[in-house]
Amino acid sequence: MNKEIELLRIFRVTAECSSFRDAAVRLGTSPQGVTRAIKRLEEHYGEVLFHRTTRQVRITAFGEGLLEQVRPALERFEDLWRIPGADQQASLSGTVRITAPHSLGTRAVLPALERVAARHAGITLDVRLSDRVSNPVDEGIDVGIRVGFMRDSRFVARKAADMRLPIVAAPRLIKKVGVPEGIESLARLPVTAAVDINTGRPWPWHFKAGHQWTPTSPAFIADNADMEMGAALAGIAFAQLADYMAAPYIASGKLVQVLEQEGPPAWGLYVYRPQRGPVSGRVRVVFDELRAAVGSLPVLR
């Protein structure tokens, strides 16, 4: 059984890296050892787990499905194997620096940190909310939340939830201008545009089959997702929002979802931490609470 667990652990680490060489560095073994382990798993399952090129590896659809099962199983095993009381009280003091998008600040980060503060008064919580693409390692970030999977081998990332992107509007706006019949009809309707603060350009709206549409004549422009949602609630424009923001208002009838059949596949919400050797107790506590908080966010039913 130990050999099988080790093979799955190698698979998990490899899936989080861009190449077998990077995985080998993280695991403290050779690229050949990683290759042999992945080959054994592929022979066992009768499926290819990674597409290989000379420069990188890319996980297959079967591999993604297996990874979703392997991660929680290995994490449960690691929790069971951890010695009770191994985290000394001294490790539950000091500063933990956290980053997340602005839209998750009061919805996930604050509830999680309220629980941390109540249980561990010695931990100082340093929160830096930002929608800008940054370098967490250079900025000394201990724990972060990110939309979309991280393959950077410098990080350990755990999926905490799925996020959908509904298109919504207030009932009074729909009564005034009607329901869009298709993606193309959005160009004739008042819509919001979310500014990508990294580029200064509007983010595209996402739809099924990888289709994207970028507003060219928006009625409302903002660099903050809550402002976008406010515009939708006020009946100013249609908006594409994260479901953890829109779901409660859809449920109450204050927002109406449109073009449901055109929605893209769900995106992952990940909690991550830089790979810096042994994890201190204070970082583990914050990491676990953030995962639980993100996992409890509202979702579309």
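Residues numbered from 1 in each chain as written. Predicted model: local features only at pLDDT ≥ 70, side-chain atom pairs only at ≥ 80, totals over all residues. Heavy atoms only, no water.

A. Region of interest: the overall build of the protein chain. Within the protein chain, the regular secondary structure consists of 9 helices and 14 strands. The principal-axis extents of the C-alpha atoms in the protein chain amount to approximately 65 × 50 × 35 Å. Considering the protein chain as a whole, with its 301 residues, one finds that 43% of them fall into the buried category. For the protein chain, restricting intrachain contacts to residue pairs at least 6 apart in sequence, the fraction spanning at least 24 positions comes to 75%. Counting every atom, the protein chain has about 16,000 Å² of accessible surface; 52% of that belongs to carbon and sulfur. Taken together, the 39 basic and 32 acidic charged side chains of the protein chain have centroids lying 1 Å from each other. (Helix = DSSP H or I, 4+ residues; strand = E, 2+ residues; numbered from the N terminus. Buried < 20%, exposed > 50% of the residue type's maximum accessible area, 1.4 Å probe, protein only. Contact = heavy atoms within 4.5 Å. Areas by Shrake-Rupley, 256 points an atom, 1.4 Å probe, with all protein chains shown as cover. Lys, Arg positive; Asp, Glu negative; His and termini not counted. Charge placed at Lys NZ, Arg CZ, Asp CG, Glu CD.)

B. Expanded view of the layout of surface pockets. One number sums up the size of the largest pocket: a volume of about 1,200 Å³. Pro101, Asp131, Val147, Trp203 and Trp267 are the residues nearest the centre of the largest pocket, which is lined by 42 residues in total. Elements supplying a minimum of two residues to the lining of the largest pocket: strand 3 (94-100), strand 5 (143-147), strand 6 (155-163), strand 9 (205-206), helix 7 (225-233), helix 8 (243-252) and strand 14 (267-274). Looking at the lining of the largest pocket residue by residue, the classes come out as 24 nonpolar, 9 polar and 9 charged. (1 Å grid on protein atoms, 1.4 Å probe; cavity = no way out; pocket = protein on both sides within 12 Å on 5 of 7 lines; lining within 4 Å. Points joined across faces, edges and corners; volume = space filled by probe spheres on them. Nonpolar A, V, L, I, M, F, W, Y, C, P; charged D, E, K, R; others polar.)

C. Expanded view of unusual backbone geometry. Its identity as a non-glycine residue notwithstanding, Ala209 has a phi of 60 degrees, on the positive side. Along the chain, Ala209 turns up in the loop between strand 9 and strand 10 (212-213). Positive phi outside glycine occurs at Leu259, with the angle close to 50 degrees. Along the chain, Leu259 falls in the loop between strand 13 (256-258) and strand 14.

D. A look at the packing of helix 1 (residues 2-15) against helix 3 (residues 31-45). Where helix 1 contacts helix 3, the two axes come as close as 9 Å, and the packing angle between them is 110 degrees. Looking at the two axes, helix 1 sits roughly perpendicular to helix 3. Across the interface between the two elements, Leu7, Leu8, Ile10, Phe11 and Thr14 of helix 1 pack against Val34, Ala37, Ile38, Arg40, Leu41 and Tyr45 of helix 3. Looking at the contact of helix 1 with helix 3 residue by residue, the class counts come to 9 nonpolar, 1 polar and 1 charged. (Axes fitted to C-alpha atoms, helices over the stretch in contact; angles between N-to-C directions. Parallel < 35°, antiparallel > 145°, perpendicular 65-115°, else oblique.)

E. Region of the structure containing the packing of helix 7 against helix 8. The N-to-C vectors of helix 7 and helix 8 enclose an angle of 20 degrees; their axes lie 11 Å apart at closest approach. Here helix 8 runs roughly parallel to helix 7, going by the angle between their axes. Considering only the axes of helix 7 and helix 8, their crossing is right-handed. Counting all contacts with helix 7, which are made through Ala225, Asp226, Met229 and Leu233, the residues of helix 8 involved are Met245, Ala246 and Tyr249. (Left-handed = near helix turned anticlockwise from the far one by under 90°.)

F. Structural view of the pattern of salt bridges. Tallying each qualifying case throughout the model produces 8 salt bridges. Ionic pairing is found between Arg52 and Glu42, a salt bridge with its closest N-O pair at 2.8 Å. Note that Arg52 is positioned in strand 1 (residues 50-52) and Glu42 in helix 3, a separation of 10 residues in sequence. By relative accessible area, Glu42 is classed as buried at 12%. (Salt bridge = Lys/Arg side-chain N within 4 Å of Asp/Glu carboxyl O.)

G. Seen up close, helix 7. Within helix 7, the full set of buried residues consists of Glu228, Met229, Ala231 and Ala232. Taken end-on, helix 7 shows its buried residues confined to a sector of 155 degrees, consistent with a single buried face. (Arc of directions from axis to C-beta.)

H. Representation of the packing of aromatic side chains in the model. According to the stated counting rule, one finds 4 aromatic pairs in the structure shown. Each ring, one from Phe20 and one from Phe50, has its centre 6.0 Å from the other, and the planes form 85 degrees; the classification is edge-to-face. Linking Phe20 in helix 2 (residues 20-27) with Phe50 in strand 1, this pair joins segments that are 30 residues apart in sequence. Phe20 gets classed as buried once you look at its relative accessible area, which sits at 9%. A relative accessible area of 2% places Phe50 in the buried class. Feature note: the residues Phe11, Phe20 and Phe50 constitute an aromatic cluster, connected by ring pairs. (Phe/Tyr/Trp six-rings, centres within 6.5 Å; stacked < 30°, edge-to-face > 60°.)

I. A look at the pairing of strand 4 (residues 123-129). Pairing geometry for strand 3 and strand 4, over 7 bridges, is parallel. Residue pairing across strands places Val96 opposite Leu125, the latter belonging to strand 4. Between the parallel pair strand 3 and strand 4, the chain is carried across by helix 5 (residues 105-119), and the sense of this crossover is right-handed. (Pairing = 2+ DSSP bridges. Right-handed = clockwise from strand over helix to strand, strands pointing away.)

J. Fine view of the sheet that holds strand 6. Here 5 strands make up an open sheet; going across it, the order is 4-3-5-14-6 and the pairing mixed. Single-partner strands in this sheet number two, and they are strand 4 and strand 6. Sheet twist, expressed as the average angle between the axes of neighbouring strands with direction ignored, equals 20 degrees. Examined bridge by bridge, strand 3 and strand 5 share 2 bridges and lie parallel to one another. Bridge pairing in strand 5 places Thr99 opposite Gly144.

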